[in-house]
Amino acid sequence: MNDITIIIQGPIGKKFSDGLSKGIRNLETYCKFGDIIISTWKNNPVKPSKKFLSKHNITMIESDPDIYKNMYSNANMNYHVASTLNGLKKVTTKYAIKLRSDEYYSDLSKFVEKIKNNPEKVITSNFFFSQDDSEPFHPSDHVIGGTTENLLSMFNYAFKVCRKELGSIALSSNYFNIPDWRNRDGNRKVSPETFLCFCYLLSKGVKLDLSKSKEIMKKHYDVVPVTEMGKFLCKYMISAVDSLAYKQLIQRRPKNFINSMEEL
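Predicted, not measured: the structure shown is a model, and the values here were computed from it. (Residues numbered from 1 in each chain as written. Predicted model: local features only at pLDDT ≥ 70, side-chain atom pairs only at ≥ 80, totals over all residues. Heavy atoms only, no water.)

Peer 1: Just to check I follow, could you spell out the packing of aromatic side chains for this structure?
Peer 2: The tally for this structure, following the rule as stated, stands at 17 aromatic pairs. For the pair Phe127 and Phe128, a centre-to-centre distance of 5.4 Å together with 80° between the ring planes defines the contact as edge-to-face. On the accessibility criterion, Phe127 (0% relative accessible area) is buried. The exposure class assigned to Phe128 is buried, which follows from its relative accessible area of 4%. Here a set of aromatic residues connected by ring pairs shows up, and it is made of Tyr72, Phe137, Tyr175, Phe176, Trp181, Phe195 and Phe198. (Phe/Tyr/Trp six-rings, centres within 6.5 Å; stacked < 30°, edge-to-face > 60°. Buried < 20%, exposed > 50% of the residue type's maximum accessible area, 1.4 Å probe, protein only.)

Peer 1: Help me understand the side chain of Asn86, please; the structure alone is not making it clear to me.
Peer 2: Checked against the element boundaries, Asn86 lands in helix H4 (residues 77–88). Among the polar contacts listed, one links the side chain of Asn86 to the side chain of Tyr68, at a separation of 3.2 Å. (Helix = DSSP H or I, 4+ residues; strand = E, 2+ residues; numbered from the N terminus. Polar contact = N/O pair within 3.5 Å; in protein donor to acceptor, adjacent residues only side chain to side chain.)

Peer 1: Is there a simple way to explain the packing of H4 against helix H6 (residues 148–164) in this structure?
Peer 2: Helix-helix packing is characterised by the crossing angle of the two axes and by the distance between the axes. For the pair H4 and H6, interaxial distance at closest approach is 9 Å and the crossing angle is 140°. Judged by the angle between their axes, H4 and H6 are oblique. Between H4 and H6 lies a crossing of left-handed hand. For the pair H4 and H6, the contacting residues are Met77, His80, Val81, Ala82, Thr84, Leu85 and Leu88 in the first and Thr148, Leu151, Leu152, Phe155, Asn156, Ala158, Phe159 and Cys162 in the second. Split by residue class, the contact of H4 with H6 holds 11 nonpolar, 4 polar and no charged. (Axes fitted to C-alpha atoms, helices over the stretch in contact; angles between N-to-C directions. Parallel < 35°, antiparallel > 145°, perpendicular 65-115°, else oblique. Left-handed = near helix turned anticlockwise from the far one by under 90°. Contact = heavy atoms within 4.5 Å. Nonpolar A, V, L, I, M, F, W, Y, C, P; charged D, E, K, R; others polar.)

Peer 1: Could you clarify how one ought to interpret the pairing of strand E9 (residues 232–236) in this entry?
Peer 2: Consecutive side chains of a regular strand alternate in pointing toward one face of the sheet and then the other. As paired strands, strand E5 (residues 104–105) and E9 are joined by 2 bridges and run antiparallel to one another. By the bridge assignment for E9, Tyr105 is matched with Phe232. Across 3 bridges, the pairing between E9 and strand E10 (residues 239–241) is antiparallel. From the neighbouring strand, Tyr236 faces E10, where its bridge partner is Ser239. (Pairing = 2+ DSSP bridges.)

Peer 1: What's the story with the sheet that holds strand E4 (residues 95–100) in this structure? I'm lost.
Peer 2: Within a sheet, each strand pairs with its neighbour through backbone hydrogen bonds, oriented either parallel or antiparallel. Judged by pairing direction, the sheet is mixed, and its 7 strands sit side by side in the order E3-E2-E1-E4-E7-E6-E8 without closing on themselves. Every other strand in the sheet has two partners, leaving strand E3 (59–63) and strand E8 (221–224) as the edge strands with one partner each. When strand polarity is set aside, the average angle formed by the axes of neighbouring strands in this sheet is 20°. Alignment of E4 against strand E7 (residues 144–147), held across 4 bridges, turns out to be antiparallel. For Ala96, the partnering residue across the bridge sits in E7 and is Gly146. Against the sheet, helix H5 (residues 109–117) touches strand E1 (4–9), E4, strand E6 (122–125), E7 and E8, its axis set at about 140° to E4.

Peer 1: It is not clear to me how the pairing of E6 should be interpreted in this structure. Could you clarify?
Peer 2: Burial of the side chains of E6 extends over both faces: Val122 and Thr124 are buried on one face and Ile123 and Ser125 on the other. With 4 bridges connecting them, E6 and E8 associate as parallel partners. When the bridges of E8 are listed, Val122 appears paired with Tyr221. In the sheet, E6 pairs with E7 via 2 bridges, with the strands oriented antiparallel. Paired with Thr124 across the strands is Ile144, a residue of E7.

Peer 1: Explain unusual backbone geometry to me, please; I cannot follow it from the model alone.
Peer 2: In most cases, non-glycine residues show a negative phi, while peptide bonds are predominantly trans. Even without being glycine, Asn57 reaches a positive phi, approximately 55°. Tracing the sequence through the fold places Asn57 in the loop between helix H3 (50–55) and E3. Judged by its relative accessible area of 61%, Asn57 is exposed. Of note, the phi angle at Phe128 is positive, near 70°, even though the residue is not glycine. Relative to the elements of secondary structure, Phe128 occurs in the loop between E6 and E7.

Peer 1: Explain H4 here, please?
Peer 2: Owing to its 3.6 residues per turn, the α-helix brings residues three or four apart onto one side. The end-to-end C-alpha separation of H4 is 16 Å, in line with the 16 Å expected for 12 residues at 1.5 Å each. If you check which residues of H4 are buried, you get Met77, Asn78, His80, Val81, Ala82, Ser83, Thr84, Leu85, Asn86, Gly87 and Leu88. Contacts made by the buried residues of H4 are with E1, strand E2 (35–41), E3, E4, H6 and helix H7 (192–203). (Expected span 1.5 Å × (residues − 1).)

Peer 1: I would appreciate a short explanation of the sheet that holds E10 in the present structure.
Peer 2: Taken together, 3 strands build an open sheet; the order of strands is E5-E9-E10 and the sheet is antiparallel. Here the strands that pair on one side only, and so sit at the sheet edges, are E5 and E10. In the packing of helix H9 (residues 243–252) onto the sheet, contacts are made with E9 and E10, and the angle to E10 comes to roughly 100°.

Peer 1: I'm lost on the pattern of salt bridges in this one. Help?
Peer 2: Pairing is possible between side chains that carry opposite charge, provided their charged atoms lie close to one another. Across all of its chains, the model carries 8 salt bridges by this definition. The partner of Asp3 in a salt bridge is Lys116, and the shortest N-O contact between them spans 3.0 Å. One end of the pair, Asp3, is in the segment before E1; the other, Lys116, is in helix H5, with 113 residues separating them in the sequence. Its relative accessible area of 30% is what places Lys116 among the partly exposed residues. Across the pair Asp102 and Arg100 runs a salt bridge, and its minimum N-O distance is 2.9 Å. Overall, the relative accessible area of 23% leaves Arg100 in the partly exposed class. Residues participating in the shared-partner salt-bridge network are Arg100, Asp102, Glu103 and Lys235. (Salt bridge = Lys/Arg side-chain N within 4 Å of Asp/Glu carboxyl O.)

Quick look at the structure:
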């Protein structure tokens, strides 16, 4: 599958005692699905060996986090956006998938298939992909895939916003000229997932029209349930969510885990 690149972004080993993060331990599995780029930070105390990286033809980018520390940092959006964009700039394939370093998925085949069958759309997992009546314009941001061109469009736009808007306070929907939008808590604070969605749609010249939110999302996004991605581990706040915990989570919050765009 030499037409797809997998970008693993984020810290890869915070402490010697913890070893490498879950996603980095899964590198050999990811190699089955495409080229690999690790986009991380210079201050990682542990990292894969040069021998291992060379053996599997894996590129590792180590950036200085201090460059981005004063940018818009709500939910670490500065580091999320910067590390993803740094990886995307090195991609030479038609398609790309962004993964988090602290998560893993053992089977990306259905995700890759969905991307190639829908090259005009951005594909995400369903992990907190919310129904429209719960929170409009709220896809997931844990796994994001599509053409490299579309992902660059999203993250270039997001980077410009992060560089312009400083501080850690969540931006309001007023900033994106959609004042009637509300999150699931009933206020205008834009979540990280919606932030990226707004950035992508605006980068494509799409007007953010709340009255057409379902129509817009169905045209520009599609979804793959994490239950169709093999064995998985997702992170939610400080919790690690595997298949068992996932079942419990969707029982508590069913509106935030759609399985198809028909459920939007």
